[in-house]
Amino acid sequence: MQDYLPACKIVSTHGVRGEMKALPLCDGAEFLSRFRRLFASASGQGEVALRGVRAQGNMLLVRLAGVEDMDAARAQVGRTYYFAKADARLPEGRYFVDDLIGCTVLDADSGRALGTVADVDHPGAQDIYTVRDAAGKEHLIPAVPEFIIGVDIAARTVTMRPIGGMFDEPVNGDEE
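Remember, it's a predicted structure, so these values are computed and weren't measured experimentally. (Residues numbered from 1 in each chain as written. Predicted model: local features only at pLDDT ≥ 70, side-chain atom pairs only at ≥ 80, totals over all residues. Heavy atoms only, no water.)

Considering the environment of His 139
- As for its position among the elements, His 139 is in strand 10 (residues 138-142).
- Taking relative accessible area as the criterion, His 139 reaches 5% and is therefore assigned buried.
- Distance in space between the C-alpha atoms of His 139 and Ile 10 is 35 Å, their sequence separation being 129 residues.
- Those residues in contact with His 139, other than ones at most four positions away along the chain, are Tyr 129, Thr 130, Val 131, Asp 133, Met 166 and Phe 167.
- Within polar-contact distance, the side chain of His 139 engages the side chain of Asp 133 at 2.8 Å.
- Separated by 2.8 Å, the side chain of His 139 and the backbone oxygen of Met 166 make a polar contact. (Helix = DSSP H or I, 4+ residues; strand = E, 2+ residues; numbered from the N terminus. Buried < 20%, exposed > 50% of the residue type's maximum accessible area, 1.4 Å probe, protein only. Contact = heavy atoms within 4.5 Å. Polar contact = N/O pair within 3.5 Å; in protein donor to acceptor, adjacent residues only side chain to side chain.)

Looking at the pairing of strand 4 (residues 47-56)
- As defined by bridge partners, strand 3 (residues 37-39) adjoins strand 4 across three bridges and the pair is classed as antiparallel. Bridging from a neighbouring strand, Phe 39 pairs with Glu 47 of strand 4.
- Note that strand 4 and strand 5 (residues 59-64) share six bridges and pair antiparallel. Bridge assignment links Leu 50 to a residue of strand 5, and that residue is Leu 64.
- The loop that links strand 4 with its antiparallel partner strand 5 comprises two residues; one of these, Gly 57, has a positive phi angle of about 65°. (Pairing = 2+ DSSP bridges.)

Regarding the layout of surface pockets
- Approximately 610 Å³ is the volume found for the largest pocket.
- At the level of secondary structure, the elements contributing two or more residues to the lining of the largest pocket comprise strand 1 (4-13), helix 3 (97-100) and strand 11 (148-152).
- Take the lining of the largest pocket: its biggest share by element is three residues, from helix 3.
- Class assignment for the residues of the lining of the largest pocket results in 16 nonpolar, four polar and four charged. (1 Å grid on protein atoms, 1.4 Å probe; cavity = no way out; pocket = protein on both sides within 12 Å on 5 of 7 lines; lining within 4 Å. Points joined across faces, edges and corners; volume = space filled by probe spheres on them. Nonpolar A, V, L, I, M, F, W, Y, C, P; charged D, E, K, R; others polar.)

Examining the environment of Arg 37
- Here Arg 37 lies in strand 3.
- Residue Arg 37 is classed as partly exposed on the basis of its relative accessible area of 28%.
- Taking the C-alpha atoms as reference points, Arg 37 and Ala 84, 47 residues apart in sequence, are found 8.5 Å from one another.
- Sequence-distant contacts of Arg 37, that is, excluding residues within four places in its chain, are made with Glu 47, Val 48, Ala 49, Leu 50, Ala 84 and Asp 87.
- Polar side-chain contacts of Arg 37 include one of 3.4 Å to the side chain of Glu 47.

Interpretation in functional terms is not warranted from these geometric data alone.
Okay, here's the thing in structure tokens:
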């Protein structure tokens, strides 16, 4: 797990007073506006005060301390800024994808380990967990209450109730 996660990547300048257009790498302007500081590296180096952030379409407009004109903003183009996970306050039941990766997936009924969370995708209304079993086979699990019973980040476990065919081959009565 990482202590610093990507917040945004500066893609261009915006105006002449140091504001910058950025690609959001987190949940967007509302989430990012809760932070007072960002970091210039994923190791927490280069702390800079976040002076403002607002949405512009699917992009962000960002103001950082020390970036007061177009030339200073231009020097930031291409740079990724990070936030400290310790500074974040997530609502109950919400987790960073980074925290889910590597969690052991347990069967709620048997307690059997089904695999580990290898990836989390966001293709639509709900997340999809990619769970890799001991044999290396990947299983796609919708992150919905019908399947995911609980997540315990401290214990590094995801408890689920799989249905037939999710982790074992479906029974086919038509085989001869």
